[in-house]
Structure formats: structure tokens, C-alpha cells
Amino acid sequence: MPGESLIQAFGTHCIACGDERQPDDVYCGCGVFRPMGGWSTRAPKPETVESLLSRRLGKRYVFEHVVHKWGGHIEYRAQSATGTPVKFLFYTAAMESGFSRAFHNSGRAAKRIDDPRVATLLDFGTMAESAYYAAIKHVDGPSLDELLDRGPLKTDRALKLFLELAHALHALHQAGLSLGLLTPDDIVLTHDAGGDETVSIPPADWVIGPLVGRAPRRFAAPEMAKENANPKCDQYTLGFMMIEALTGHGRVEEHAAAEDVPRRVERLAKCLDDDQW
């Protein structure tokens, strides 16, 4: 395989697995998206994602198993050389222009965040042409989505959890970052050093970005259809999730003023003013 690239241009073969592709195929069955230049001109000697990871990062991480695989994105459970449990994300795709710069800028900003409610970004970078990775310290615990599957939360518990979540988002916003489409599945429930229940959220939008197509659209702020993620989008999502957590209902328009949403919670849940943070 020439160079370090997973991707070559203008042809009919996937550079990762060697399978023949049609020119208009969006992605290969192995999970690799068509690069902007097209598929490779010839069938290469295949190099799997696993062999690339082992060759490039095998001394820094032990890759244990695949957690999720969707499109050109793979999530692994791994362990660092020092024994730290790691959520490892691998991306290979024909990213839009400017993605690489945004990826590295947000990665550097995320590494400066010092808040226990934001998952620690241990490492990130580029391994090959259009191939990106991120290593995030794994936080053990159920997701908020799993908790809500059992039914609505009691008011006091919801207030404590969502106050923790608001603090976590504030730390992210102070670093100049936003998530845009946070969902209950992205929020891990854990405990702080004092044993109190708290949350852990992703450190950057591209950690949850690959999942946008699978995420419940009801959590997406209207602005997400026309612009990039910003703090207002996170505020919208926070309020929407809080109402759903308290009522069990998934449509804020129908239930925002429902009698089962306490007034002291309703004002916090809407959270549309920066001054209310």
C-alpha cells in the first residue's frame, strides 16, 4: 500500500477492503465512505481498520472490542498503555471542506476543559488521509436514556441531574464549544468524589456527530437545520430533555405547560435566555 493513506482517488475500488464499488456508491460495505475524489483506480492489498490502528497506535492502546459501527465510523472499547479505560472513536469519510481544521481546533479546546462533568479527551489526531481518531476516558455507568426507560424522574432528582448537566454544558461553552444534538443516550450517570449523583457528557460535537442520523430528531433545535451548533441549541436540547424526563412525553409543544411539570422546573427547562444560565 503506497504511503499511509486509506484512500486513493478516481476509480472503482475501496482502498480499505479492496471491494469493487460503483462510482455513485456513497460508502462501502466495510464502512468506509467514498472519498471526495472517488474510489481507487485499482484493487489494493487490503488493510483493515484494525490493522491500521494496530500499526499506528498499537503501542499506545489495546483495542478490546467494537461497541458500535455505523457508516465510516467505529467506536471501540480500549485501554491505554497506562491502564486507563478508553472510548476510542475512528472516523474515515469524505468530510466536508474545513472539517480537518474544525476537528483539530475543537480537539485542542476540549483538552483544556477541566470539569469532571465533561469526559476527558485524552488524545486525538489524523492517522491517514481522511482518517481521524479520538481517545476519550471511558466513564462507567448507565445512560440517562436507560434511566428514562424506567419512567419519569421525581422532581428533586431531575433538578439535581439537570443542574449538573447545565454546569457541564457551561464548561463546554466557556471553552468555545457546543454539542448541538446532545441526547439522553450521550449522557452517562455517574458519581462524584463525594458519592453524589452527577453526569458526564462528550467533550466535543464530533464525538456525537456520527450519531446524528440515528438520534431522535425531537432533540434537535430548529437552528441546527441552517447553522452549526451553538450554545442556544444546547439550551433548547437541555430544556426539551428535562420536560421529557419529568413527564415521560416526547413533544414539548403539547406538554410544556402540562400540570405535571412543576412551575419551578418549567422556567428552568425552557432556559432560552443566556441570563438564566
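This one's a predicted model, so the numbers in the text were calculated from it and none came from an experiment. Numbers given to residues run from 1 along each chain, matching the order in which its sequence is written. Since the coordinates come from a predicted model, pLDDT governs what is reported: local features require at least 70, and pairs of side-chain atoms require 80 or more to be given and counted, while whole-chain, interface and lining totals use all residues. In computing side-chain properties, one takes all heavy atoms of the structure into account and sets aside hydrogens as well as water.

Chemist: Please explain the nonpolar core as it appears in this structure.
Modeler: The nonpolar side chains of soluble globular proteins are, as a tendency, buried together. To qualify as a nonpolar core, a set must consist of buried Ala, Val, Leu, Ile, Met, Phe, Trp, Tyr and Cys residues joined through side-chain atoms within 4.5 Å. We call a residue buried when its accessible area falls under 20% of the maximum for its residue type, exposed when it is over 50%, and partly exposed in between, using a 1.4 Å probe and counting protein chains only. If you look at the biggest cluster of nonpolar residues, it comprises 45 residues, and the most contacted ones within it are Phe 162, Leu 165, Leu 182, Ile 187, Ile 201 and Trp 206. When contributions to this core are tallied by element, the ones reaching two or more residues are strand S3 (85-92), helix H2 (99-111), strand S4 (121-128), strand S5 (131-137), helix H3 (144-148), helix H4 (155-174) and helix H6 (231-247). Runs of H or I in DSSP of at least four residues are treated as helices and runs of E of at least two as strands, each being numbered from the N terminus. The dominant element in this core, judged by the number of residues it contributes, is H4, at 10 residues. When residues no more than four places from it in sequence are discounted, the contact partners of Ile 187 are Pro 142, Ser 143, Leu 144, Leu 165, Leu 182, Val 199, Ser 200, Ile 201 and Met 241. Residue contacts are counted whenever heavy atoms from the two residues lie within 4.5 Å of one another.

Chemist: Any chance you could explain the packing of H4 against H6 here in plain terms?
Modeler: Axes, fitted as lines to C-alpha atoms, cover a helix only where it is in contact. Angles between the N-to-C directions of the axes lie from 0 to 180 degrees. In the contact formed by H4 and H6, the axes pass within 11 Å of each other and the chain directions differ by 165°. In this view, H4 runs roughly antiparallel relative to H6, as classed from their interaxial angle. Note on packing geometry: the crossing formed by H4 with H6 is right-handed. Packed against H4, whose contacting residues are Thr 155, Ala 158, Leu 159, Phe 162, Leu 165, Ala 166, Leu 169 and His 173, the element H6 presents Pro 231, Asp 234, Leu 238, Met 241, Met 242, Ala 245 and Leu 246 at the interface. An angle below 35 degrees is treated as roughly parallel, one above 145 as roughly antiparallel, one from 65 to 115 as roughly perpendicular, and anything else as oblique. Throughout, a crossing is termed right-handed when the near helix is turned clockwise from the far one, and left-handed when it is turned anticlockwise from it by less than a right angle.

Chemist: Can you walk me through the packing of aromatic side chains in this structure?
Modeler: Two descriptors summarise a pair of aromatic rings, namely the distance from one centre to the other and the angle between the planes of the rings. Note on aromatic contacts: the rings of Phe and Tyr and the six-membered ring of Trp form a pair at centre separations within 6.5 Å, being stacked when their planes are under 30 degrees apart, edge-to-face when over 60 apart, and tilted otherwise. A complete count under the given rule lists 9 aromatic pairs for this structure. A ring pair is formed by Phe 103 and Phe 124, whose centres lie 5.9 Å apart and whose planes are at 70°; its orientation type is edge-to-face. Of this pair, Phe 103 sits in helix H2 while Phe 124 sits in strand S4, placing them 21 residues apart in sequence. For Phe 124, a relative accessible area of 15% gives the class buried. Clustering of aromatic rings is evident, with ring pairs tying together Tyr 61, Phe 63, Tyr 76, Phe 88 and Tyr 133.

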